[in-house]
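Summary of structural features
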Amino acid sequence: MSGCCPLVCTLLLGFCVSTLASEGTSGSNSSHPNVVILLIDDLGIGDVGCYGNDTIRTPSIDRLAGEGVLLSHHVAGAPFCTPSRASLLTARYAQRFGLVGEFRTPPVIVHVASRVGIPLEEPTIGHAFEAAGYTTHFTGKWHLGSRCGLFGRNCTGPLDYGFDSTLWLPTTLLPRSYGNYTFWVLEEETLFFHATGWTSLLTLITVAVLVHMRLPRLAVVLCLLTAACLLLVWFILAHYRFYTPAWHQVSPWMDHYLNGVVMNRSEVVDQPMQLHTLNERLTNNTVHFIRSHHNASKPFLVVHSFGHVHTPIVTAPENRGRSKHGRYGDSIEEMDDSVGEILNTLDELGLANNCVVYLVSDHGGHLESLGEDGQRTGGYNGLFKGSKGQGGMEGALRVPGIVRYPGIVPKGSRLDTPTSLLDTLPTLLQLAGLPALHKLLPHNSRAEDVDGLSYAPLLMEVGKGVAPQPMLEGRMLLHHSGLFVDAVRYITGEHVYKLHLRQPVFSPGSYQCGWGEMTFCRPWFGGEHVHDMTQHPLLYDLTTDPYEDNPIDNSTSEYQQVEERIQRYLKEWEERVPYPSSQFNVKMDTMLLPWLQPFKKGWFF
Ligand SMILES: *[C@@H]1O[C@H](CO)[C@@H](O)[C@H](O)[C@H]1NC(C)=O
């Protein structure tokens, strides 16, 4: 076979896509289709009907798959929300800009009032579609940085990354987003009582001396000062944790009231957020946006980023107990209803045919997640091993993904070629018949250096009995834990290989690390959390062994050739793409800084 065939095929196909995409769109004001991204949080690939779950009801997602292409080998950009969402929005590994965890840091952004996030210079899906003349809207969970100014003013959110309007959650749902928490608590009691005791004694003696010296005013000032100091000490001990190894954490009260925030543009509209109505509120917002823009001259991009199905699992009262899988199942079914509502809106307005819909989960389900009542509150990853947070494990990475574009993408088909969330931006641009990213953003040098590839040509070809396109031939996908590469996926010929270099140290006999809502394996910490296999990496052929049960014998020439090829690639990669250290390493940027906290009007002052 001639070496340049893949390139020629790709170019030809790319041309076909653009031509077809612009031809297949009559009846609307614009030649380019609207684009709707439905991003679900923590949904496992085993949680969805069209991926084989026969007890959970997801009729709307199943319908979407029936009308589009089901991606059977779709992988997350990272095993955690923040970095995976960053890879979806920018088409670049979050390691390139340090938006990943490192030793003793959180793996994601944890506070609204912090200074970490996607650098403003990164190209994003918002910037790209904005440059292409789209109206852009973002609804829901952002979790990519809010970097507010003094007193929570001018927060940096979707509007600063190319979106025209937004109703957004700066961070995410947190265990403490739900429940009642009190402000007047006492942590580190012994320490606090010691501090109070000694300070009071000292003050008392000084006051006595001052009174004796006939300086009563000074004595009063001193008393007030001491009280203020003690109050401050109490507050820090009770509501911060920076004097412990979990330095980035805050008290349940702080989490509940300060991080449970919903914002409309840069104004707080809900604080603490009301979880049982959140899903409805977000759905209504997206539906409202679509309704008010369906007649506009410009096409639109809307990203609907669900709060569901992340913990704490809270649904509207009428949905409680409707599923066969407890709270978690209820949350999936409620989320599916919202998918249905958005699809129905497109139908009703006659927009469905000129619209690309992409539905995806940010990474695998959280196997360890268990509520206090013993109910499972995390997703199911089918037979894939491992869970959310585990960089190289298939259960953390393999996600449901569906693309619908009537008339362009064959309906009811399935694409088995590996694709990634990193590919979202280039793929959607090509499907929509728009120029490539570096052409849309010519002044952004980072737009030339993206890790994602467009699989639009594959989507169009799929199910037509044509041989699979070689366009992704030789592709390597890196799977990280923090800044480490845990595994590499390599597409070559008929094969998809995966090489494991590091794996978490699991609880014996399992692919998880215990149970609990905040329990994870912590491979990004390194050290005792990791089983280092760099000397004897495990290699699997996912085409014949998708669940990674039988590693390829390392004495075979197949193993040696593939391993050598991957190691060579890694070496070149490390030389070419140096990673900055984690943004979360800078404590003053990662911690909750009260003077940057946004508040709902009238809530505090
Ligand atoms: C369906 O999803 C539920 C909830 O995650 C899970 O407990 C169950 O095992 C899944 N069933 C199948 C057949 O995959």
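In short, a report on the structure. Bear in mind the structure is a predicted one, so any value in this text is a computation, not a measurement.

Notes on the site of the ligand
- Surveying the vicinity of the ligand reveals the residues Gly46, Asp47, Asn53, Asp54, Thr55, Ile56, His325, Tyr328 and Tyr380.
- Residue Asp47 places a side-chain N or O atom 2.6 Å away from an oxygen atom belonging to the ligand.
- At a separation of 2.3 Å, an oxygen atom of the ligand approaches a polar side-chain atom of Asn53.
- Contact with the protein chains removes 70% of the 360 Å² of surface that the ligand exposes when unbound.
- In the shell around the ligand, the residues fall into three nonpolar, four polar and two charged.

As for the packing of helix 8 (residues 275-293) against helix 9 (residues 326-348)
- At a minimum axis distance of 10 Å, the contact between helix 8 and helix 9 shows a crossing angle of 10°. The orientation of helix 8 relative to helix 9 falls into the category roughly parallel. Contacts between helix 8 and helix 9 involve Asn279, Thr283, Asn284, Thr286, Val287, Ile290 and Arg291 from the first element and Glu334, Ser338, Glu341, Ile342, Thr345, Leu346 and Glu348 from the second.

Topic: the side chain of Lys385
- Along the chain, the position of Lys385 falls in the loop between strand 9 (355-361) and helix 10 (394-397).
- By relative accessible area, Lys385 is classed as buried at 14%.
- Within the structure, the side chain of Lys385 is placed 2.5 Å from the backbone oxygen of Tyr547, a separation counted as a polar contact.
- Engagement of the side chain of Lys385 in a polar contact is seen with the side chain of Asp549, the distance being 2.6 Å.

Focus on the state of the cysteines
- Applying the stated criterion across every chain, the model contains two disulfides.
- Disulfide partner of Cys148: Cys155, at an S-S distance of 2.1 Å. Negative torsions about the S-S bond denote left-handed disulfides, and the value of about 100° found for Cys148 with Cys155 makes this one right-handed.
- You can call Cys148 buried: its relative accessible area is 6%.
- The exposure class assigned to Cys155 is buried, which follows from its relative accessible area of 8%.
- Here Cys513 is linked by a disulfide to Cys521, with a sulfur-sulfur distance of 2.0 Å. Residues Cys513 and Cys521 are joined through a disulfide that is right-handed, its torsion about the S-S bond being 100°.

Points about the nonpolar core
- Core analysis: the largest hydrophobic core is formed by 87 residues, its most contacted members being Leu99, Ile125, Phe129, Leu301, Tyr358, Leu431 and Leu459.
- At six residues, helix 14 (residues 557-576) tops the list of elements feeding residues into this core.
- Leaving out residues up to four positions away in the same chain, Ile125 has contacts with Ile37, Leu89, Phe163, Leu301, Thr424, Leu425 and Leu428.
- Grouped together as the second largest cluster of nonpolar side chains are 35 residues, Ile56, Val287, Val309 and Phe384 included.

Here we look at the environment of Leu538
- Along the chain, the position of Leu538 falls in strand 19 (residues 538-541).
- Its relative accessible area of 27% is what places Leu538 among the partly exposed residues.
- Spatially, the C-alpha atoms of Leu538 and Asn550 are 9.5 Å apart, while their sequence positions differ by 12 residues.
- In contact with Leu538, not counting residues within four places along its chain, are Lys498, Leu499, His500, Met533 and Pro551.

Here's the deal with the packing of helix 2 (residues 59-66) against helix 9
- One way to put it is that helix 2 packs onto helix 9 with a least axis distance of 7 Å and a crossing angle of 50°. Classified by the interaxial angle, the pair formed by helix 2 and helix 9 is oblique. Residues Pro59, Ser60, Ile61, Arg63 and Leu64 of helix 2 pack against Met335, Asp336, Val339, Gly340, Leu343, Asn344 and Asp347 of helix 9.
- In terms of residue class, the contact of helix 2 with helix 9 is made up of six nonpolar, three polar and three charged.

Observations regarding helix 11 (residues 424-431)
- Of all eight residues in helix 11, eight are buried; the element is thus mostly enclosed.
- Looking at helix 11, one finds that the buried residues are Thr424, Leu425, Pro426, Thr427, Leu428, Leu429, Gln430 and Leu431.
- Taken from the residues just after helix 11, Gly433 is the one with a positive phi, measuring 70°.

Details of the pattern of salt bridges
- On inspection of all chains with the given rule, the structure shows 30 salt bridges.
- Here Glu67 and Arg63 are joined by a salt bridge, their closest N and O atoms 3.1 Å apart.
- On the accessibility criterion, Glu67 (28% relative accessible area) is partly exposed.
- The exposure class assigned to Arg63 is partly exposed, which follows from its relative accessible area of 25%.
- The network of salt bridges with shared partners includes Glu394, Arg398, Arg489, Lys498 and Glu548.

Some remarks on the pairing of strand 15 (residues 484-492)
- When you tally the buried positions in strand 15, you get eight out of nine residues, the bulk of the element.
- Two strands pair when backbone bridges link them, and strand 14 (residues 476-481) and strand 15 are joined in this way by six bridges, in the antiparallel orientation. Residue Met476 lies in a different strand from strand 15, and its bridge partner there is Tyr490.
- Linkage of strand 14 to strand 15, two consecutive antiparallel strands, is achieved through a turn of two residues, within which Gly482 is found at a positive phi near 60°.
- Two elements, strand 15 and strand 16 (residues 495-500), share six bridges in a ladder whose sense is antiparallel. Of the residues in strand 16, the one forming a bridge with Thr492 is His495.
- A loop of two residues connects strand 15 with strand 16, the two strands running antiparallel in sequence, and Gly493 in this loop sits at a positive phi of about 55°.

Calculation criteria
Residues numbered from 1 in each chain as written. Predicted model: local features only at pLDDT ≥ 70, side-chain atom pairs only at ≥ 80, totals over all residues. Heavy atoms only, no water. Near = heavy atom within 4 Å. Polar contact = N/O pair within 3.5 Å; in protein donor to acceptor, adjacent residues only side chain to side chain. Areas by Shrake-Rupley, 256 points an atom, 1.4 Å probe, with all protein chains shown as cover. Nonpolar A, V, L, I, M, F, W, Y, C, P; charged D, E, K, R; others polar. Axes fitted to C-alpha atoms, helices over the stretch in contact; angles between N-to-C directions. Helix = DSSP H or I, 4+ residues; strand = E, 2+ residues; numbered from the N terminus. Parallel < 35°, antiparallel > 145°, perpendicular 65-115°, else oblique. Contact = heavy atoms within 4.5 Å. Buried < 20%, exposed > 50% of the residue type's maximum accessible area, 1.4 Å probe, protein only. Disulfide = S-S within 2.5 Å. Core = buried A, V, L, I, M, F, W, Y, C linked by side-chain atoms within 4.5 Å. Salt bridge = Lys/Arg side-chain N within 4 Å of Asp/Glu carboxyl O. Pairing = 2+ DSSP bridges.

In short, geometric facts, not functional conclusions.
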